[in-house]
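In case you want the letters, here they are:
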Amino acid sequence: AIIESAQGNPAEARRLLQQSLGILEGLGNLRGQAASLHVLAIIESIQGNLAEARRLLQQSLGIFEDLGDLRGQADSLLVLARIELAQGNPAEARRLLQRSLGILEGLGGELQEQASTLTMLAQLEAVEGDLEKALAMARESVRLLEGIGSAKAAKAREILADLEARTAGGSGGAPPLLAELSGLPVRAKAAGSEEGLAAIDAALEEARRQAVPSREVVALLARGVACWSAGDVAGCDESLRRAEEALARVSEAERGALAELVEMAKAQIAKSTAAGPKESDQLYAEAMATDQAGDMAGALGLFEASLAASRQEGDARGVAVNLLMIGQALRVLGRADEARERLREGLEVAQDLGDEELLRALQEAATVVTAKAEGAARGDDNVSER
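What comes next is a walk through the structure. (Residues numbered from 1 in each chain as written. Predicted model: local features only at pLDDT ≥ 70, side-chain atom pairs only at ≥ 80, totals over all residues. Heavy atoms only, no water.)

It is worth spelling out the overall build of the protein chain at this point. Along the protein chain, the regular secondary structure elements total 19 helices and 0 strands. Taken across its 386 residues, the protein chain has 46% of its residues classed as buried. Within the protein chain, residue pairs in contact and separated by at least 24 positions form 57% of the contacts whose partners lie at least 6 positions apart. About 17900 Å² of surface is accessible on the protein chain, with carbon and sulfur atoms providing 51% of the total. (Helix = DSSP H or I, 4+ residues; strand = E, 2+ residues; numbered from the N terminus. Buried < 20%, exposed > 50% of the residue type's maximum accessible area, 1.4 Å probe, protein only. Contact = heavy atoms within 4.5 Å. Areas by Shrake-Rupley, 256 points an atom, 1.4 Å probe, with all protein chains shown as cover.)

Right, here's the structure in full:
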């Protein structure tokens, strides 16, 4: 199911997860149920089904609490916080993030997860105007990430520099949290979800009701990108035009960063519209078709070519996805040691990206490779090749 989701097949992933849940419930495997509910919630959220995602996460969180699984609780709280942000509920998001951070600090050793949570909290505090508190959290995040040599430290330093510039009286860059607030509904609409667009419209209506033009700008930008993703060019242009009109009503102190965000959105849409399909995407599609035709060796060569193209294009997620598929192909071809090495590399890339869904897909694939190798050592012929 995780692999289907990573390959862009959410309907099949959902079906498999629901089937898995039924089996796990029959076995009384609570930990497995909680993990499956968590993954299913992430898939629902990406599809824009935010209410369903919240319901599933609350179920997952409840089971993790009953089991005393603190790490599971922290993970569920973090995803719940992101959903609250996407629906324009920063106060609830802050409460959930603080709970998650408290658990992670108590566990110890979860430094990258602590840092990611601190970064989100820092940006929330900045939006609310408490820059000193935001700075303290951002500095701690940078310290933790640099201490473990994480590639995420570079992004954390950018966020810290932005906060320092704003504290010193500069305009800084576009607040990264704005992208976080609008990102999930945008992805939802890009996937064709009506609920995703409804979430954006609800946020827009609330911003108007409260007479907060800065939030109107963010919601209208989200709407513009959503319309563009769905092929609604007229709706995209109209939303961006209204975003610029709302920008004129924003206070001077906030306008600089928001104006930059508007320009960034316009430039990204123009760039994406002008660009043709990437070489890596074309090679990946050809590899998948070759795989479906039963030519695994041929598919492996094409996935390798797609991987090289993704590296050249600087597409880290494309690198991780191709490493996943290469690992799968090598396993089927009986090259377990090479498969493990490729999947290990993919796990490192996904970890640096913070892509939880892709990380789980790679972990699942690595587990299958290990199980296959152990089964072969025992002479077990019942371990599936695919």
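If you look at the biggest cluster of nonpolar residues, it comprises 45 residues, and the most contacted ones within it are Leu57, Leu97 and Leu163. Sorting the residues of this core by element identifies helix 3 (30-46), helix 4 (50-67), helix 5 (70-86), helix 6 (90-107), helix 7 (111-127), helix 8 (131-147) and helix 9 (153-167) as the ones contributing at least two each. When sequence neighbours within four positions are dropped, the list of residues in contact with leucine 97 reads Leu78, Ala81, Thr117, Met120, Leu121 and Leu124. (Core = buried A, V, L, I, M, F, W, Y, C linked by side-chain atoms within 4.5 Å.)

Turning our eyes to something else, we now look at the side chain of serine 280. Secondary-structure assignment places serine 280 in helix 15 (residues 279-292). Residue classification places serine 280 among the buried residues on the basis of a relative accessible area of 2%. Setting aside its immediate chain neighbours within four residues, serine 280 contacts Ser306, Ala309, Ser310 and Glu313.

By the definition in use, this model includes 19 salt bridges. Linking glutamate 92 and arginine 95 is a salt bridge whose minimum nitrogen-to-oxygen distance equals 2.6 Å. Note that glutamate 92 and arginine 95 are positioned in helix 6 at a spacing of 3 residues, about one turn of the helix. Judged by relative accessible area, which is 28%, glutamate 92 ranks as partly exposed. Relative accessible area serves as the criterion here: at 39%, arginine 95 is assigned to the partly exposed category. (Salt bridge = Lys/Arg side-chain N within 4 Å of Asp/Glu carboxyl O.)

Before going further, it helps to examine helix 6. Owing to its 3.6 residues per turn, the α-helix brings residues three or four apart onto one side. Between its first and last C-alpha atoms helix 6 spans 25 Å; for 18 residues at 1.5 Å apiece the expected length is 26 Å, and the two agree. Regarding helix 6, the residues found buried are Pro90, Ala93, Arg94, Leu96, Leu97, Ser100, Leu101, Ile103 and Leu104. Looking one or two residues past helix 6, glycine 108 carries a phi angle of roughly 70°, positive in sign. (Expected span 1.5 Å × (residues − 1).)

Right, let's talk about the packing of helix 17 (residues 316-332) against helix 18 (residues 336-353) for a bit. Two elements in contact, helix 17 and helix 18, have axes whose closest approach is 8 Å; the angle formed by their N-to-C orientations is 160°. It follows that helix 17 is roughly antiparallel to helix 18 by the angle criterion. Handedness of the helix 17/helix 18 crossing: left-handed. For the pair formed by helix 17 and helix 18, the contact residues are Ala316, Arg317, Val319, Ala320, Leu323, Leu324, Ile326, Gly327, Leu330 and Arg331 on the first element and Ala336, Glu338, Ala339, Arg342, Leu343, Glu345, Gly346, Val349, Ala350 and Leu353 on the second. Within the contact of helix 17 with helix 18, the residues separate by chemical class into 13 nonpolar, 2 polar and 5 charged. (Axes fitted to C-alpha atoms, helices over the stretch in contact; angles between N-to-C directions. Parallel < 35°, antiparallel > 145°, perpendicular 65-115°, else oblique. Left-handed = near helix turned anticlockwise from the far one by under 90°. Nonpolar A, V, L, I, M, F, W, Y, C, P; charged D, E, K, R; others polar.)

Let's shift gears to helix 17. In this model, helix 17 (17 residues) spans 25 Å end to end at C-alpha, consistent with the 24 Å of a helix rising 1.5 Å per residue. Of all 17 residues making up helix 17, 14 are buried, and the element is well covered by its neighbours. Sitting at the amino-terminal end of helix 17 is aspartate 315, which places a side-chain oxygen 3.3 Å from the backbone nitrogen of arginine 317. One or two positions beyond helix 17, positive phi appears at glycine 334, with a value near 80°. (Polar contact = N/O pair within 3.5 Å; in protein donor to acceptor, adjacent residues only side chain to side chain.)

Everything listed here is a matter of geometry and, on its own, says nothing about what the molecule does.
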